[in-house]
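Coordinate inspection notes
Listed below are the residues making up each chain.
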Amino acid sequence: MYDARGEDAQVLELAILGFLYEQPLHGYELKRRVAHLTGHVRPIADGTLYPAIKRLERAGWLGRRTEPGSRAAPRHTLTLTDEGREELRRRLREADDVDISDENRWFTVLAFLRHLRAPAEQADVLRRRLTFLQEPSSFFYDYGSGGERPLGPEAFDDPFRRGVLTIARAASEAELSWLTRTLEDLETR
């Protein structure tokens, strides 16, 4: 579940701002879209989503319009204010190290990166991700010889650890290839 007080709340707010940037939505539809983007990893409870919406409203980034319900209570449509649009773009431009390095947070940033108007701003965020991926890393390290050396899949007889590293390597190689092509495209615009 999302932790409403911490880093997870920031990525939840980013997803809310991003989806509302695209169009006004009712709370239920917004919850569905956020769940499809991030819910497969972290389910979103009403007790987390609606307080986040309230925080964004208090900040002046969201507006609310009440419409009569067809058979039930009135429905509330959420909209993004001009200040909310700028806040989304600021958060995208200033994606921090955790946004860049955590895969689920990165996917949320990436899902809305098109809302940055300038290709140079988009490229800047992608370059930070590229730099992160180019650093040698692993889930497992050799701590001998007075240092840390990342271990690759070939270092393990254990098929499960080998699997973790093989899958991670393939995903990283695919992303590196995509990032390189996309950066080349952005730089020619």
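Residues numbered from 1 in each chain as written. Predicted model: local features only at pLDDT ≥ 70, side-chain atom pairs only at ≥ 80, totals over all residues. Heavy atoms only, no water.

**Quick notes on the nonpolar core**
The tendency in soluble globular proteins is for nonpolar side chains to be buried side by side. The line we're drawing: Nonpolar cores are built from buried Ala, Val, Leu, Ile, Met, Phe, Trp, Tyr and Cys residues. Side-chain atoms within 4.5 Å join them into one set. Note on classification: 1.4 Å probe, protein chains only; a residue is buried when its accessible area is under 20% of the maximum for its type, exposed when over 50%, partly exposed between these limits. Counting from the N terminus, the helices are DSSP H or I runs at least four residues long and the strands are E runs at least two residues long.
Ranked by internal contacts, the top residues of the largest apolar core, which has 37 residues, are Ile16, Leu20, Leu30, Val34, Leu62, Leu92 and Val109. Taken together, the elements giving at least two residues each to this core come down to α1 (7-22), α2 (27-39), α3 (46-58), β3 (75-80), α4 (82-93), α6 (103-112), α7 (119-134) and α8 (159-187). Among the elements that make up this core, the one with the highest residue count is α1 (eight residues).

**Brief notes about the environment of Asp99**
Applied cut-off: In what follows, a contact means two residues having at least one pair of non-hydrogen atoms within 4.5 Å.
The residue Asp99 is located in helix α5 (residues 97-101) in this model. Sequence separation of Asp99 and Gly84 is 15 residues, and the distance between their C-alpha atoms is 19 Å. Setting aside residues no more than four positions away along its own chain, Asp99 makes contact with Arg105, Trp106 and Val109.

**A few points about the packing of aromatic side chains**
The criterion, for reference: Pairing of aromatic side chains requires ring centres within 6.5 Å, counting the rings of Phe and Tyr and the six-membered ring of Trp. Pairs whose planes differ by under 30 degrees are stacked, by over 60 edge-to-face, and all others tilted.
Taken as a whole, this structure holds three aromatic pairs when the rule is applied. Relative to Phe112, the ring of Phe19 lies with its centre 5.0 Å away and its plane at 85°, an arrangement referred to as edge-to-face. Placement of Phe19 in helix α1 and of Phe112 in helix α6 is noted, with a sequence separation of 93 residues between them. The class of Phe19 is buried, set by a relative accessible area of 12%. With a relative accessible area of 1%, Phe112 lands in the buried category.

**Digging into the packing of α7 against α8**
Where we set the bar: Whenever a helix is involved, its axis is fitted only over the stretch in contact; in every case the axis is a line through C-alpha atoms, and angles between N-to-C directions fall within 0 to 180 degrees. In what follows, roughly perpendicular refers to angles from 65 to 115 degrees, roughly parallel to angles under 35, roughly antiparallel to angles over 145, and oblique to any angle outside these ranges. Crossing handedness is read from the near helix: turned anticlockwise from the far helix by less than a right angle, it gives a left-handed crossing, and turned clockwise, a right-handed one. Residues are grouped as follows: Ala, Val, Leu, Ile, Met, Phe, Trp, Tyr, Cys and Pro are nonpolar; Asp, Glu, Lys and Arg are charged; all remaining types, including Gly, are polar.
At their nearest, the axes of α7 and α8 sit 10 Å apart, and the two run at 150° to each other. One element, α7, and the other, α8, form an angle in the roughly antiparallel class. Note on packing geometry: the crossing formed by α7 with α8 is left-handed. Facing Pro119, Gln122, Ala123, Leu126, Arg127, Arg129, Leu130, Leu133 and Gln134 of α7, the residues of α8 in contact are Ser172, Glu175, Leu176, Trp178, Leu179, Thr180, Thr182, Leu183, Leu186 and Glu187. Looking at the contact of α7 with α8 residue by residue, the class counts come to 10 nonpolar, five polar and four charged.

**Description of the pairing of β3**
This is how the line gets drawn: Only strands that DSSP links by at least two bridges are regarded as paired with each other.
Bridge analysis of strand β1 (residues 25-26) against β3 gives two bridges, and the strand direction is antiparallel. Within β3, the residue paired with His26 across the bridge is Thr77. Across six bridges, the pairing between strand β2 (residues 62-67) and β3 is antiparallel. Counted as the bridge partner of Arg64 is Leu78 from β3.

**A word on the confidence of the model for the protein**
Under the convention used in this document: For every residue, the pLDDT score states the predictor's confidence, bounded by 0 at the bottom and 100 at the top.
Put simply, the protein has an average pLDDT of 89, and 93% of its residues get 70 or more. The spread of mean pLDDT over the elements of the protein runs between α2, the lowest at 87, and α4, the highest at 97. Low pLDDT, under 50, characterises residues 1-5; the stretch is placed with 16 contacts to residues that sit more than four places away or in other chains.

**Concerning the sheet that holds β1**
Each strand in a sheet pairs with its neighbour through backbone hydrogen bonds, running either in the same direction (parallel) or in the opposite one (antiparallel). The strand order across the open sheet built from three strands is β1-β3-β2, with neighbouring strands paired in antiparallel fashion. The open sheet has two free edges, formed respectively by β1 and β2, since each of these has just one partner strand. Packing of α3 onto the sheet brings it into contact with β2 and β3, and relative to β2 it is tilted by some 110°.

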